Amino acid sequence: VCAHVCVSTTHGPVTCTTVYVHTADPKKYLADFMRQVKSARDEVRPELAPRIGTDADLLSMFEAFDVTSKGFLTGQQYEAAMKNLGISVFDEQPYGFVNGKIMRETFLEEARAGQIATAAAYSAFQKK
């Protein structure tokens with residue numbers, strides 16, 4: 001399955017992702033995926049949502065911005081990658097930011113933390 005999925009709420013942000021999954025029944029997978037997303041959104045429980053940003057997705061984002069394939073991003077590349085992931089609030093110079101470089105493991109840690117913070121902010125917004 002390769003699908004571009006967007007989810008929105010009446011007053012909330014739009015979240016979009018491209019989903020790549022190998023499955024024997026793509027229609028069933030997408031139907032189940034969208035039911036999980038809808039349930040998480042309607043119940044304002046982001047922990048119920050299917051994980052859109054898996055480690056493989058985050059690593060793919062890192063590799064897309066690591067244009068020199070040297071295993072690090074510049075601060076500018078890091079910022080662009082985080083914004084591409086929909087993470088707008090993040091530590092611009094996290095632990096592991098050395099000589100203007102963000103190493104792969106630091107990026108993965110920061111991206112995971114950013115996704116959790118974004119989901120929590122979304123949840124808090126929905127409860128208001």
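Scoring rules and cut-offs
Residues numbered from 1 in each chain as written. Predicted model: local features only at pLDDT ≥ 70, side-chain atom pairs only at ≥ 80, totals over all residues. Heavy atoms only, no water. Helix = DSSP H or I, 4+ residues; strand = E, 2+ residues; numbered from the N terminus. Salt bridge = Lys/Arg side-chain N within 4 Å of Asp/Glu carboxyl O. Buried < 20%, exposed > 50% of the residue type's maximum accessible area, 1.4 Å probe, protein only.

## Concerning the environment of P94
Mapped onto the secondary structure, P94 falls in the loop between α3 (75–84) and β4 (97–98). As a C-alpha pair, P94 and E110 span 16 residues in sequence and 7.6 Å in three-dimensional space.

## Overview of the pattern of salt bridges
All told, the structure shown has four salt bridges when counted by the stated rule. Here D55 and R112 are joined by a salt bridge, their closest N and O atoms 3.0 Å apart. One end of the pair, D55, is in helix α2 (residues 55–65); the other, R112, is in helix α4 (residues 104–127), and 57 residues separate them in sequence. Using a relative accessible area of 35% as the deciding quantity, one classes D55 as partly exposed. Given the relative accessible area of 27%, R112 is considered partly exposed. Of the charged contacts in the structure, one is a salt bridge between K83 and E79, with a shortest N-O distance of 3.0 Å.

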